[in-house]
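Observations on the three-dimensional arrangement
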Amino acid sequence: MTANHSDSLFHLFKACYDAASQYPGDSPVVARHCRLLLEAVDYWLRRDGSLTITISTAKVTLNQKREITPKQKNHPILWFVALCKTRLIFEMLFLRGLTIEELGNLIQLLQRETYVFVGQTSAPNLLAERGVLHIQLNPPSVEDSFTRQVPFSMGNQYYAEQDNETDFHLPEQKLSPAQQAGRAEHLFISQDDYETLNATMTLLITQGHMTRVADALTLMRNDLRSLDREDRELAFSSYQVVVKILVASGQTKALYRVVKAMPFDLRICQEYDLYRLHLDTFTCILNHFATAEKYRPFLYGLTVLAEQSLRHRDPFKSLLENYLKSFLTPTLLESMVKKAETDADLRGRMHILFHEHALGIFNTLLGVLFDTKERRLRKVILETLHSMGDVIYPDVLNELDQALQENKPWYVKRNLLLLLSPRPPVTLVPKLIWLDQHETSKRVLSLVQKCIFRIEDRQAFELGYELLQRHQNHEGTLLELLRFVGEGGLAEYAPPLIDIAEGHRLASVRLAAISMLGKIDSPVSLEYLKSIISKTSFFKKRSSSKRRVAAIHALSATPQHLTFLAKFIQDKDEKVRTACRQVLAAEE
């Protein structure tokens with residue numbers, strides 16, 4: 001490794017950036033500089049299999065090995081560090097298969113300062129949109145000695161008294177012809193090699209030689225990024241064999257460290273079969289943690305899977321989602337939610353998975369929401385999905401379409417409507433019309449009605465108005481509909497509410513309509529409420545004490561009208577005086 005290869009990389013990066021600033025993106029000048037930059041990166045790709053640039057204060061580190069601190073104040077490395085830090089980029093990973101076009105697109109993104117690569121979700125999306133598939137920015141950090149390619153430590157007191165040469169004896173292996181023939185199942189090693197490695201590592205662990213096991217794992221991890229395909233096959237296969245022995249022998253401390261290293265291993269693996277093999281290794285550990293109710297490292301592992309599912313496309317994405325579904329079962333989530341009630345740290349880790357990486361587990365959470373009967377879990381999932389906002393609406397609408405076509409149980413439709421009800425989209429209206437006509441579940445119909453009165457759309461208003469007319473003689477239903485109108489707060493419902501407030505036969509309904517008018521920010525509703533309080537309404541006979549008091553409380557919802565209410569502190573009606581004083585005192 002020479003200093004020239006390190007320095008030239010950043011000289012060429014700056015030259016490429018400057019050229020792209022002066023010439024169009026398709027200019028031959030820009031293409032030539034990108035080609036030279038690719039050649040500089042290719043040195044590291046051929047040498048180590050990938051290139052990781054870690055950026056810190058006034059220095060960079062290449063592949064966790066070579067740290068470069070420039071001495072000259074105008075050195076391109078200082079420019080590169082400043083460029084990255086202003087865009088919140090702390091690490092770049094270049095993978096085999098990188099093209100000139102991808103480098104050019106990355107440079108163009110870096111020149112637009114509005115692009116800020118702040119996390120594991122934004123950067124992959126920005127890069128993927130521009131066709132940059134072999135560069136990763138700010139990948140998941142790995143706080144483990146594996147990233148520095150040295151053996152991981154088991155601790156000073158971890159079987160220290162047993163870890164010496166004289167204690168280790170490998171018995172002679174007697175394998176049957178059947179065992180010696182062919183390849184081990186699901187692995188890229190022969191059955192013979194599998195049996196030998198399995199016996200050796202089992203004995204090492206049994207006799208407490210954990211440092212040797214760590215050394216072996218580190219050597220295997222070094223070969224995960226080998227340029228030779230056969231070396232990689234052997235490394236991924238051998239690594240799984242050792243990990244499964246650690247799982248079988250309950251070596252939790254070692255497994256913690258293996259899990260911590262997994263994000264780095266997965267992000268350098270681009271071959272589907274090897275990626276799937278390493279995921280099997282990973283999920284074997286997670287199954288162990290879940291069974292042992294070690295939920296904290298288990299949740300860390302799920303977070304890694306969720307991040308990976310956002311980073312990849314099919315078939316990788318589908319593979320990851322299937323693993324997430326296999327783990328996030330209603331039973332397991334119910335157990336975690338129950339335990340988290342008394343464990344603040346576990347609640348925090350669940351929050352990280354459910355809120356910061358919710359997009360990565362959206363489909364899984366939706367399935368659990370349909371299946372679980374545990375109210376606490378359903379509440380957690382609904383809160384999580386609600387927090388994701390409108391971004392999930394297209395998927396939820398598709399699920400609702402499917403639920404209607406397949407006549408799924410009422411609770412499936414209810415849960416989907418719950419997700420849409422805070423801000424139901426206009427595209428939901430046709431489905432609401434169909435449900436209003438065909439649905440029999442009262443719980444589903446209640447949500448249908450709530451959504452109708454929250455959509456600002458002519459067709460939705462016509463359906464809402466028809467609902468109010470249809471239930472004029474059903475007091476309970478009409479009162480609930482009036483509450484939905486108030487929650488929706490749409491100005492177009494002011495005239496229908498005034499009609500009900502003046503003309504309905506039941507006083508309870510009339511008063512409820514007056515109360516809901518205060519929640520509608522409309523000049524029509526506000527002037528009507530003032531007219532009731534002032535007894536200047538055309539319908540003076542309706543301005544009873546109860547109506548005036550109801551109007552006062554309704555108008556108090558809009559603080560700008562407190563001055564108007566202050567005029568009635570000395571009103572002749574004692575109930576009106578009391579109501580005005582209560583409202584004004586509450587504001588003070």
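Position numbers for residues start from 1 in each chain and track the written sequence from start to end. Predicted model: local features are reported for residues with pLDDT of at least 70 only, side-chain atom pairs are reported and counted for 80 or more only, and whole-chain, interface and lining totals are derived from all residues. Side-chain descriptors were evaluated using all non-hydrogen atoms of the structure, hydrogens and water having been removed beforehand.

**Some remarks on the environment of S309**
What counts is decided by this rule: The secondary structure listing takes helices from DSSP runs of H or I that are at least 4 residues long and strands from runs of E that are at least 2 residues long, numbered from the N terminus. The term polar contact refers here to a pair of N or O atoms within 3.5 Å; inside protein, the definition further demands a hydrogen-donor-capable atom paired with an acceptor-capable atom, and it admits residues adjacent in sequence only when both atoms are side-chain atoms.
Counting through the fold element by element, S309 comes out in helix 12 (residues 295–311). Spatially, the C-alpha atom of S309 lies 8.3 Å from that of I361, the residues being 52 residues apart in sequence. A polar atom in the side chain of S309 sits 2.7 Å from the backbone oxygen of A306.

**Quick word on the confidence of the model for the protein chain**
The line we're drawing: Each residue carries a pLDDT value, the predictor's own confidence for that position, ranging from 0 to 100. Throughout, a residue-residue contact means that at least one pair of heavy atoms, one from each residue, lies within 4.5 Å.
Scored by pLDDT, the protein chain comes out at a mean of 81, with 86% of its residues at no less than 70. Ignoring residues within four places in sequence, the model shows residues 141–181, a span with pLDDT below 50, making 84 contacts including any to other chains.

**Notes on the packing of helix 12 against helix 13 (residues 316–327)**
The packing of two helices is summarised by the inter-axis angle and the distance between the axes. Note the following rule: Axis definition: a line fit to C-alpha positions, over the contact stretch in the case of helices; interaxial angles, taken between N-to-C directions, run 0 to 180 degrees. Angles below 35 degrees are treated as roughly parallel, those above 145 as roughly antiparallel, those between 65 and 115 as roughly perpendicular, and all remaining angles as oblique. It is the rotation of the near helix from the far one that decides the hand of a crossing: anticlockwise by less than a right angle makes it left-handed, clockwise makes it right-handed. Lys, Arg, Asp and Glu make up the charged group, whereas Ala, Val, Leu, Ile, Met, Phe, Trp, Tyr, Cys and Pro make up the nonpolar group; the residues left over, Gly among them, are polar.
At a closest axis distance of 8 Å, the pairing of helix 12 and helix 13 adopts a crossing angle of 150 degrees. On the basis of the axis angle, helix 12 is roughly antiparallel to helix 13. Where helix 12 crosses over helix 13, the handedness of that crossing is left-handed. In this structure, helix 12 contributes F298, L302, L305, A306, Q308, S309 and L310 to the contact, and helix 13 contributes K317, L320, Y323, L324 and F327. For the contact of helix 12 with helix 13, the per-class residue count stands at 9 nonpolar, 2 polar and 1 charged.

**Brief notes about the sheet that holds strand 3 (residues 66–68)**
Just so we agree on the cut-off: Pairing between two strands is assigned when DSSP locates at least 2 bridges connecting them.
In spatial order, the strands read 3-2-1-4-5; together these 5 strands make up an open sheet with antiparallel pairing. Of all the strands in the sheet, the pair left with one neighbour each is strand 3 and strand 5 (135–137). Here the average twist between neighbouring strands, direction ignored, is 15 degrees. Where strand 1 (residues 50–56) lies against strand 2 (residues 59–62), 4 bridges are found, and the strand directions are antiparallel. Bridge assignment links I55 to a residue of strand 2, and that residue is V60.

**Things to note about helix 19 (residues 410–420)**
The condition is simple: Only protein chains enter the accessibility calculation, which uses a 1.4 Å probe. A residue is then buried if its area is under 20% of the maximum for its type, exposed if over 50%, and partly exposed in between.
Taken across its 11 residues, helix 19 has 8 buried, putting it largely inside the fold. Among the residues making up helix 19, those that are buried are V412, K413, R414, N415, L416, L417, L419 and L420. Next to the buried residues of helix 19 lie helix 16 (362–371), helix 17 (375–387), helix 18 (393–405), helix 20 (429–438) and helix 21 (442–452).

**Points about empty space enclosed by the protein**
Under the convention used in this document: Here a cavity is any set of points on a 1 Å grid over the protein atoms alone where a 1.4 Å probe fits but cannot get out, and a pocket is any open set with protein on both sides within 12 Å along at least 5 of 7 lines; a residue lines the site when it has an atom within 4 Å of a point. Grid points are joined across faces, edges and corners, and a volume is the space filled by probe spheres set on the points.
Per the counting criterion, the structure on display carries 1 cavity of 30 Å³ or more. Of the pockets and cavities examined, the largest cavity occupies roughly 70 Å³. In terms of lining residues, the largest cavity is bounded by 13 residues, among which R96, L224, R225, I268 and C269 are the most central. Tallied by class, the residues present in the lining of the largest cavity amount to 6 nonpolar, 3 polar and 4 charged.

**Points about the packing of aromatic side chains**
Rule in force here: Within 6.5 Å between ring centres, the rings of Phe, Tyr and Trp (the latter by its six-membered ring) count as paired, and their orientation is classed by plane angle as stacked under 30 degrees, edge-to-face over 60, tilted in between. We call a charge positioned above a ring when the Lys NZ or Arg CZ atom is no farther than 6 Å from the ring centre and deviates by at most 35 degrees from the ring normal.
Counted by the stated rule, this structure contains 14 aromatic pairs. Three or more aromatic residues link up through ring pairs in this structure, and these residues are F10, F13, Y17, W79 and F80. The lysine or arginine in question, K14, covers the ring of W79, its NZ or CZ lying 5.7 Å from the ring centre. Lying across the ring of F564, K530 places its NZ or CZ 5.4 Å from the centre.

**Comments concerning the pairing of strand 1**
The side chains of a regular strand alternate, first on one face of the sheet and then on the other. The buried fraction of strand 1 amounts to 5 of the 7 residues, a majority that puts the element mostly inside the structure. What sits between strand 1 and strand 2 in their antiparallel hairpin is a turn of 2 residues, with A58 showing a positive phi close to 60 degrees.

**A look at a negative patch on the surface**
How we decide: Nonpolar side chains (Val, Leu, Ile, Met, Phe, Trp, Tyr) are joined into patches within 5 Å and like charges within 9 Å, using only residues with over 30% relative accessible area and no salt bridge. A 1.4 Å probe and the Shrake-Rupley method give the accessible areas. Residues count as covered only by the protein chains that appear here. Here, a salt bridge means any Lys or Arg side-chain nitrogen found within 4 Å of an Asp or Glu carboxyl oxygen. Charge assignment: positive for Lys and Arg, negative for Asp and Glu; neither His nor the chain ends contribute. All charge positions are set by atom: Lys at NZ, Arg at CZ, Asp at CG, Glu at CD.
Taken together, the side chains of D223, D228, E230 and D231 present a region of like negative charge at the surface. Inspection of the secondary structure puts D231 in helix 9 (residues 229–248).

**Focus: the side chain of K431**
Mapped onto the elements, K431 comes out in helix 20. Ignoring any residue separated from it by four or fewer positions in sequence, one finds K431 in contact with L397, L400, D401 and L404.

**Some points on the pattern of salt bridges**
Throughout the structure, instances matching the rule amount to 22 salt bridges. Here D401 and K431 are joined by a salt bridge, their closest N and O atoms 3.6 Å apart. Of this pair, D401 sits in helix 18 while K431 sits in helix 20, and the two are 30 residues apart along the sequence. Residue class for K431 comes out buried when judged on its relative accessible area of 13%. Here R548 and D571 are joined by a salt bridge, their closest N and O atoms 2.8 Å apart. With a gap of 23 residues between them, R548 in helix 27 (residues 545–555) and D571 in the loop between helix 28 (562–566) and helix 29 (574–587) connect regions that are remote in the sequence. When salt bridges with common partners are traced through the structure, they connect R229, R232, E233, E271 and D273 into a single cluster.

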